[in-house]
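# Geometric and topological summary
These are the residues of each chain, in order.
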Amino acid sequence: MNLQKIEDEALHLPKEERAQLVQRLVLSLESPSEEELRSDWLLEARRRAEELDSGSVQAVSGEDVMRKAKALIK
């Protein structure tokens, strides 16, 4: 079933059921499980480590980051 078919069928639901569907869809976007978050952060950490190891990015010290952030706030 493709997105267009799902949308067409959803639009034919009674108003109350459409509202319930919207709520469930929004909640599915806003509430990742702890497992999903852990997995996403692990993938991001691995990606960043590979970038550092390959030399495609250069590390920036925490002190430099804080100095630049404070300068932006002033």
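Quick summary incoming for the structure in this document. Note that residues are indexed from 1 along each chain, following the sequence as it is written. The predicted origin of the model limits local features to residues at a pLDDT of at least 70 and limits the giving and counting of side-chain atom pairs to 80 or more, whereas totals for whole chains, interfaces and linings rest on all residues. Side-chain numbers come from the whole structure's heavy atoms, not from hydrogens or water.

## Details of a nonpolar patch on the surface
To count toward a patch, a residue needs a relative accessible area over 30% and no salt bridge; like charges are then connected within 9 Å, while nonpolar side chains (Val, Leu, Ile, Met, Phe, Trp, Tyr) are connected within 5 Å. Calculation of accessible area relied on Shrake-Rupley with a 1.4 Å probe; when residues are assessed, cover is drawn exclusively from the protein chains displayed. Salt bridges are defined by distance alone: a side-chain nitrogen of Lys or Arg within 4 Å of a carboxyl oxygen of Asp or Glu. A contiguous nonpolar patch, built from Met1, Leu3 and Ile6 and spanning about 370 Å² of accessible area, is present on the exposed surface. The secondary structure listing takes helices from DSSP runs of H or I that are at least 4 residues long and strands from runs of E that are at least 2 residues long, numbered from the N terminus. Structurally, the position occupied by Met1 is in the segment before helix H1 (3-11). Buried, partly exposed and exposed residues are distinguished by accessible area as a fraction of the type maximum, computed with a 1.4 Å probe on protein chains only: under 20%, between the cut-offs, and over 50%, respectively. Residue classification places Met1 among the exposed positions, given a relative accessible area of 71%.

## Focus on the pattern of salt bridges
Applying the stated rule across the entire model yields seven salt bridges. A salt bridge links Glu34 to Arg38; the nearest nitrogen and oxygen atoms lie 3.9 Å apart. Remark: Arg38 and Glu34 occur in helix H3 (residues 34-54); sequence separation between them is four residues, near one turn of the helix. Summarising the burial analysis for this pair, Glu34 and Arg38 share the class exposed. With a shortest N-O distance of 2.2 Å, Asp64 and Arg67 are connected by a salt bridge. One end of the pair is Asp64 and the other is Arg67, both in helix H4 (residues 62-73) and three residues apart, which spans about a single turn. In this structure Arg67 comes out as exposed when scored by relative accessible area, which is 52%. One salt-bridge network, held together by shared partners, links Glu44, Arg47, Arg48 and Glu51.

## Side note on H4
The first and last C-alpha atoms of H4 sit 17 Å apart over twelve residues, in line with the 16 Å expected at 1.5 Å per residue. Among the twelve residues in H4, zero count as buried, and that is only a small part of the element. Take the residue count of a helix, subtract one, and multiply by 1.5 Å to get its expected span.

## Regarding the environment of Asp64
Its relative accessible area of 26% is what places Asp64 among the partly exposed residues. The sequence separation of Asp64 and Asn2 amounts to 62 residues, and the corresponding C-alpha distance is 49 Å.

## Remarks on H3
Taking 1.5 Å as the rise per residue, H3 with 21 residues should run 30 Å; its terminal C-alpha atoms sit 30 Å apart, in good agreement. Immediately downstream of H3, the backbone of Gly55 shows phi near 85 degrees, a positive value.

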